[in-house]
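One-letter residues, chain by chain:
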Amino acid sequence: METRITKLLGIEYPIIQGGMAWVANANLSANVSKAGGIGFIGAANAPGEWVRSEIRKAREITDKPIGVNIMLLSQYVDEVVQVVVEEKVAAVTTGAGNPAKYMQQWKDAGIKVIPVVASVALAKMMQRAGADAVVAEGMESGGHIGDSTTMALLPQVVDAVDIPVIAAGGIGDGRGMAAALMMGAEAVQIGTRFIVASESTVSQAYKDRVIAAKDIDSVVTGRSTGHPVRSLRNEMTRQYLEMEKNGVPFEELELLTLGALRKAVVEGDVKMGTVMAGQIAGLIKKEQTCEEIVKELMSEARQVIEDRYAKFVG
Ligand code: TUI
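Conventions used here
Residues numbered from 1 in each chain as written. Predicted model: local features only at pLDDT ≥ 70, side-chain atom pairs only at ≥ 80, totals over all residues. Heavy atoms only, no water. Helix = DSSP H or I, 4+ residues; strand = E, 2+ residues; numbered from the N terminus. Buried < 20%, exposed > 50% of the residue type's maximum accessible area, 1.4 Å probe, protein only. Phe/Tyr/Trp six-rings, centres within 6.5 Å; stacked < 30°, edge-to-face > 60°.

### What to know about unusual backbone geometry
Backbone geometry places W22, a non-glycine residue, at a positive phi of 70°. By the secondary structure assignment, W22 is in the loop between strand 1 (15-17) and helix 2 (26-34). For W22, a relative accessible area of 46% corresponds to the partly exposed category. Phi at A96 is positive, roughly 65°, even though this residue is not glycine. Looking at where A96 falls in the secondary structure, it is placed in the loop between strand 4 (91-95) and helix 5 (100-108). Judged by its relative accessible area of 27%, A96 falls in the partly exposed class.

### Some thoughts on the packing of aromatic side chains
Both the distance between ring centres and the angle between the ring planes are used here to describe each pair of aromatic rings. Going through the model one piece at a time under the given rule, you end up with one aromatic pair. Ring geometry for Y102 and W106: centres 5.8 Å apart, planes at 35°, overall tilted. Placement of the pair is Y102 and W106 together in helix 5, with a separation of four residues, close to one helical turn. Each member of the pair, Y102 as well as W106, carries the same accessibility label: buried.

Shown next, in the form of structure tokens:
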């Protein structure tokens, strides 16, 4: 399945792994790349040297292209920007902001730049700034989200820019992938399903919580702070939403979530930790290797495209 994205990145399948904070380390990302998609190490709030060390670990696992996702609100953003240039990673995705001021130095280093956007306005701005592609991410996604759904955002972004568009948010199987391709996406970004990959090193409790999730188990906290975050409902989100409803100040709300993602991912505290996951968690029923996930996405997508074509056209 060749698209402008597979050609841009030199990969076999149009599947990119979301650069999830604390989850997307060298082991996960390298194994997605090894399976023929492309993995992105999530730099999140980590220092530059951690990112460098993960890039090098990933390169010991695979010769295939590897990317880094840069979370633009990080206090270490400037050093991470520098590290990806020095290490000459294949591609960078960015989240939670506008990466325009870093774009030229990445392009000069031959790095493909793919900002994650949640609006048409930012997508157009990124095209003008020289982006190679954009990820259009709907609010079905886990973590920090925008306001539009993938179904509404994706075709609007596809119409607004000429560069290739990658669809994200709410895609967990080949049906979702096929639908995104039908709407003009040239690849999909998958996050939640890779959390439960065999090669994912998150706590077993975190994986179990994602696998147990029902369709309506995710909630959005932090709308009042301007940084809405989707995670699976638990005691922490119950307390947070209650405090938010009562107008508790931002600083106090922050205390509840400080270090809470680490608590869930590393320590397995899925009651008071933040269990970031997308709305598609309810669809995810078992742990599989990255290779099985990539292969299954591809075969299901091909199958439904063929079946629907036969049913409606052929
Ligand atoms: O960035 C993400 N997902 C994330 S980042 C993250 S770590 C974090 N945790 C708590 C608070 C904030 C961050 C966990 N998940 N996805 C990409 C994404 N970008 N979603 C939404 C946006 C976005 C939002 C506003 C991008 C740009 C923007 O405004 C740009 C501007 O400055 O105009």
